[in-house]
Amino acid sequence: MASEHIPFPHNRTHTEELEAFMDILFTAIDNVITFQNMLFVCIACILGIIGGALPGFSATMAVALMVPFTFTMEPITGLVTIGALYASTIFGGAFSAILLNTPGTPSSIATCFDGYPMAKAGRGEEALYTASVASSVGGLLGTIILILFALPLAQVSLRFGPPEFFWLAIFGLTIIATLSDGSILKGFAGGFIGIMISMIGMAPIGGDIRFNMGLVSLQGGVELVSVLIGFFCIPEVLNMSFNPHQKQVIVDKIRGSRESLRKAWWNVMGHPGNTLRSAILGAFIGILPGAGGNISNIVAYNEAKRAAKDPETFGKGNPQGVVATETANNATVEGALVPLLTMGIPGSPPAAIIFGALLMQGIQPGPELFSKNGDITYAFMFSFFICNILMAVFGIMAGKYIFRLVTRIPTRCLIPGIILLTVVGTYAIRNNEMDVILMFLSGILGYYLKELEFDAGPIVLGLILGPIAERGFVQGLLMGGAISMDHPWVIFFTRPLCLVLIALCVLSTCWPFFKKAMDRRRAAKAG
Amino acid sequence: MKKLCIVILLCCLTILGATSAQAQDVQFPKNEPINYIIPFSAGGESDLFARMQQPYLEKLLGQKIVITYKVGAGGALAWSELVNSPATGHYLAGINLPHIILQPLQRKNAGFKTEELKPVMIFHVTPCVLAVRKDSPYKTLADLLKAAKEQPGSVIMGGCGSATSGHIASVLLNKMAGVNIPYVPFPGTSDLPIALLGKHVTAIMAFTSGYSQYRNEMRVLAIAADERDPSIDAPTFKELGYNINEGSFRGISVPPATPDSVVQKLYEACAQTNKEPAFVEKMKSLGMTPLDMNPAQSAEFIAGKIEEYKTILKDLSK
């Protein structure tokens, strides 16, 4: 099954292809670097960072709002603007994650884990700079992957069918084992709570309405972003209001901006292993249709923690945690464009809107795109180099002031301000009052769970992965039913990619025990 | 000074009163934006179509059209909101058949009844197409059905969602051809090409709109419409002896109490838009077949479909 080749219209020899490729690439660079394009890219970057930093304002919404403005533009200008907006929104999410412990978009969930403790310890400026540099590097690596490997990678992504997605989601859930610091049992219990919450509303397959308690407005299920804000932000706000006179964030007076920037640069560049691994993971997860930044940032965080020599410092303000998530989520942006540009299949919701924008410009995404509209396609891909660099520049410029500003706002103004932002943000997701109510409810639940030492991470992971696992499971069973009526589940264990994923799941679950045994042996040797 | 203030205040009140009295008449459009609710995610067919309509409608109605998204529960969230919105003509929502019919039929309380959605117009249809991979051994529908009959399980059909037009078309085909092809639902139309090209299913029941960009990788075996599509080289199901006529019909509707004169005005603007040559061209390139059903015809069409689906659902549950 896996050996068959899916035909794509690229059957030229290598040298010919390379020459044609370089030719197109240089024309593309020429087309991108115009005054008008640069102006729009700058505007899009600034708007994107602001939009991303607002909790509840997702990349999908930002891109959807921008699309109508691009209809009147030239195709290249329009696409370049949308691309810049998409990338910078994902980056902007880091600001609120670091400063307010609220992921601005689901792509920066894991940025909270270490970014917020850093800010609390007075290293907020360093954290923001680290996020800027990491996002930029992640985006650049993602772009390189997109330009060089788009076609072969697209074929790999096709191999992921429902059974593979089921195992991928299970693999994601095994991350809980490394993610939970204290009790692994509590971690898995949290994941279970998340999966239960994700079951509310319409079943992903079959469309039955479940657990809506008779409420019409719960038919649509629980919106991920509103629960995210609830679990991360509200407990923090409650804590703040219980100790209103305590200074929330200490500014480290000794270390200046330049020193922070140098440190941030070193955080990213001094650990090439972490940066590269996160970028590759991010890009690959982006390529899989249906899996986006919300998964890639947590997976990258987990892998960074697993590979680190000092995993116990993760979650307490280790800059490598910020580097991993921010590199990964910006590499996912470009990854999500791979299936879109090569096959006309959007890899993420914002990519779906870009798909619409391309159609409106009279460009049909798909295999023919590279041969027919090669100039526009490569210009679009190349523009990600520029916007990712600009994004970091703006991020660093803004980071300096925003961190100081937030530290100067008195708690009595900060709390209502944050509450206002969260309410507006959750309502704006899909104009549903129920989402706001659920945000507060999950906030209170999150507060008490935190008191009981349950982490928000596993709960959110369950919430994201539950529907993916369920969909893959039911579809897989239906597919398996065609092969063997009595044992439809066999399909989950016979496909080659499934076996690889199962092995990964086992490895991931056993890793903490394995590592403990290794440490013990090493300690015995040393002692 | 105090007196002056009071006089000014009174003046303001009178003006306010006058304007509000005026607003009670059936005047459309009023000087406020028109809200166009899309029940599905941005970038889908409903959204694309609304975005294409937007500039034309703004010109014809003289008001800004604000497109909002209320995604969830297969559209039910948007429709349950619409039926409770002010009936001024300033609140519209895209409607999709068969969704608006099947949800109230299947759920105890979907939040709306099909009859409550007052249709303005049904403006296009994307018929279902049965497609296989280009390198598939099945050249015709007969090949596919033969394989399904001789080797049950060798053919798996993918489609978009449960109790959707694609699902119903597959069920009808199974019934008419006396085969039992398993149907695997996928969450969205964009998942179908992956499922087919990644060889997770043998065939897909997709829409014409989802096919246009995969011409080089897919072969359409049959199209579930009355007439052939000039841009697709495939017979209709009817020609092959299976009377299957399914597809996604899209239109807009307003809250139930909206006055007929307002509905008529909205319909005229939409119908006018549907006739613009540039608009028709774009629609065709997206695989959408334009339709022109006025409010009465649309209501009649929906009523007919309700009966049709009731019997199909009864057969399904047997």
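These numbers come from a predicted model, not from an experiment. (Residues numbered from 1 in each chain as written. Chains lettered and ligands numbered in written order. Predicted model: local features only at pLDDT ≥ 70, side-chain atom pairs only at ≥ 80, totals over all residues.)

Comments concerning the overall build of chain A
Here is step 1: Counting its regular elements, chain A contains 20 helices and two strands.
Here is step 2: The C-alpha atoms of chain A give a radius of gyration of 23 Å, which matches the 24 Å a tight globule of 527 residues would have.
Here is step 3: Taken along the three principal axes of its C-alpha coordinates, chain A extends 65 × 65 × 65 Å.
Here is step 4: For chain A, with 527 residues in total, the buried portion stands at 58%.
Here is step 5: Residue pairs in contact within chain A that sit at least 24 positions apart in sequence constitute 78% of those at least 6 positions apart. (Helix = DSSP H or I, 4+ residues; strand = E, 2+ residues; numbered from the N terminus. Rg over C-alpha atoms; globule rule 2.2 N^0.38 Å. Buried ≥ 20, exposed ≤ 12 C-beta atoms within 10 Å, placed from the backbone. Contact = placed C-beta atoms within 7 Å.)

A word on the overall build of chain B
Here is step 1: Within chain B one finds eleven helices and ten strands.
Here is step 2: Expressed as a percentage of the 318 residues in chain B, the buried residues total 50%.
Here is step 3: Summarising the internal contacts of chain B: among those between residues at least 6 apart in sequence, 74% fall at separations of at least 24.

A word on the interface of chain B and chain A
Interfaces are often sized by the amount of accessible area the parts lose when they come together.
Here is step 1: With 40 residues of chain B in contact, the opposing surface of chain A contributes 45 residues.
Here is step 2: Among the elements of the structure, helix H2 (45-61), strand E2 (65-69), helix H3 (76-82), strand E6 (183-186) and helix H7 (191-197) of chain B are those that each provide at least two residues to the side of chain B that touches chain A.
Here is step 3: With four residues, H7(B) is the largest single contributor of residues to the side of chain B that touches chain A.
Here is step 4: Classifying every residue of the side of chain B that touches chain A by side-chain character gives 19 nonpolar, 16 polar and five charged. (Nonpolar A, V, L, I, M, F, W, Y, C, P; charged D, E, K, R; others polar.)

Here's the deal with the pairing of strand E1 (residues 34-38) of chain B
All names here are of chain B.
Here is step 1: Among the five residues that make up E1, four are buried, leaving the element largely enclosed by the rest of the structure.
Here is step 2: Bridge count between E1 and E2: five bridges; the pairing is parallel. In the sheet register, Ile38 faces E2, and the bridge partner there is Tyr69.
Here is step 3: Summarising the sheet, E1 and strand E3 (residues 91-97) pair through three bridges and their orientation is parallel. In the strand pairing of E3, Asn35 is matched with Tyr91. (Pairing = 2+ DSSP bridges.)

Thoughts on the packing of helix H4 (residues 75-100) of chain A against helix H15 (residues 374-408) of chain A
To characterise two packed helices, one gives the angle between the axes of the helices and the distance between these axes.
Residue and element names in this part refer to chain A.
Here is step 1: The interhelical angle for the contact between H4 and H15, taken along N-to-C directions, is 30°, at an axis separation of 8 Å. When you trace H4 past H15, the crossing you get is right-handed. Residue-level inspection shows Pro75, Ile76, Leu79, Val80, Gly83, Ala84, Ala87, Ser88, Phe91, Phe95 and Leu99 of H4 in contact with H15, the latter providing Ile376, Ala379, Phe380, Ser383, Phe384, Cys387, Asn388, Met391, Gly395, Ile402, Phe403 and Val406. (Axes fitted to C-alpha atoms, helices over the stretch in contact; angles between N-to-C directions. Left-handed = near helix turned anticlockwise from the far one by under 90°.)

Things to note about the nonpolar core
Within soluble globular proteins, side chains that are nonpolar tend to cluster in buried spots.
Here is step 1: Core analysis: the biggest nonpolar cluster contains 252 residues, and A:Val63, A:Ile98, B:Ala131, B:Met157 and B:Ile204 have the highest contact counts within it.
Here is step 2: Per element, the largest residue contribution to this core is 19 residues, and it comes from helix H5 (residues 111-158) of chain A.
Here is step 3: The residues that make up this core include at least three from each of domain 1 (34-124 + 249-317) and domain 2 (126-223) of chain B.
Here is step 4: Apart from residues lying up to four places away in sequence, B:Ile204 is in contact with B:Ala131, B:Met157, B:Gly158, B:Gly159, B:Leu192, B:Ala195 and B:Leu196. (Core = buried A, V, L, I, M, F, W, Y, C linked by C-beta atoms within 7 Å. Domains from an automatic or database assignment.)

Structural notes on the domain arrangement of chain B
Residues and elements named next belong to chain B.
Here is step 1: If you check the domain split of chain B, you get domain 1 (34-124 + 249-317) and domain 2 (126-223).
Here is step 2: Just the C-alpha atoms count here: the centres of domain 1 and domain 2 sit 27 Å apart.
Here is step 3: Every contact between the two is made by ten residues of domain 1 and, on the other side, eleven residues of domain 2.
Here is step 4: Looking at the side of domain 1 that touches domain 2, the elements with two or more residues in it are helix H4 (99-106) and helix H11 (295-317).
Here is step 5: A breakdown of the residues in the side of domain 1 that touches domain 2 according to their chemical character gives six nonpolar, three polar and one charged.

Quick notes on the packing of helix H8 (residues 224-242) of chain A against helix H16 (residues 411-430) of chain A
All names here are of chain A.
Here is step 1: Between H8 and H16, the shortest axis-to-axis distance is 11 Å and the interhelical angle comes to 170°. By the angle between their axes, H8 is roughly antiparallel relative to H16. Remark: the crossing between H8 and H16 carries left-handed chirality. Contacts between H8 and H16 involve Val225, Ser226, Ile229, Cys233, Val237, Met240 and Ser241 from the first element and Thr411, Ile415, Ile418, Ile419, Thr422, Gly425, Thr426 and Ile429 from the second.
Here is step 2: Tallied by class, residues from the contact of H8 with H16 come to nine nonpolar, six polar and no charged. (Parallel < 35°, antiparallel > 145°, perpendicular 65-115°, else oblique.)

Let's talk about helix H17 (residues 433-451) of chain A
All names here are of chain A.
Here is step 1: The end-to-end C-alpha distance of H17 is 28 Å, a good match for the 27 Å that 19 residues give at a rise of 1.5 Å each.
Here is step 2: Within the sequence span of H17, burial applies to Met434, Asp435, Val436, Leu438, Met439, Ser442, Gly443, Leu445, Gly446 and Leu449.
Here is step 3: Elements that come into contact with the buried residues of H17 comprise H8, H16 and helix H18 (456-483). (Expected span 1.5 Å × (residues − 1).)

Looking at the confidence of the model for chain B
Residues and elements named next belong to chain B.
Here is step 1: Looking at chain B, the pLDDT average stands at 83 and 90% of residues meet or exceed 70.
Here is step 2: Confidence drops under pLDDT 50 across residues 16-24; counting only partners more than four residues distant or on other chains, this segment forms one contact.
Here is step 3: Scored by ipTM, the complex comes to 0.75, with pTM at 0.81. (pLDDT = per-residue confidence, 0-100.)

Brief notes about the environment of A:Ser135
Here is step 1: Position of A:Ser135 among the secondary structure elements: in helix H5.
Here is step 2: The spatial distance from the C-alpha of A:Ser135 to the C-alpha of A:Ile90 is 8.8 Å, given a sequence separation of 45 residues.

Comments concerning the environment of A:Phe165
Residue and element names in this part refer to chain A.
Here is step 1: Its place among the elements puts Phe165 in helix H6 (residues 162-179).
Here is step 2: Linking Phe165 and Gly290, residues 125 residues apart in sequence, is a C-alpha distance of 9.1 Å.
Here is step 3: Apart from residues no more than four positions distant in its own chain, Phe165 is found in contact with Phe160, Gly290, Ile468 and Gly472.

Concerning H6(A)
The periodicity of an α-helix, 3.6 residues per turn, causes residues three or four positions apart to be oriented the same way.
Here is step 1: Taking 1.5 Å as the rise per residue, H6(A) with 18 residues should run 26 Å; its terminal C-alpha atoms sit 26 Å apart, in good agreement.
Here is step 2: Across the 18 residues of H6(A), 18 count as buried, placing the element largely inside the fold.

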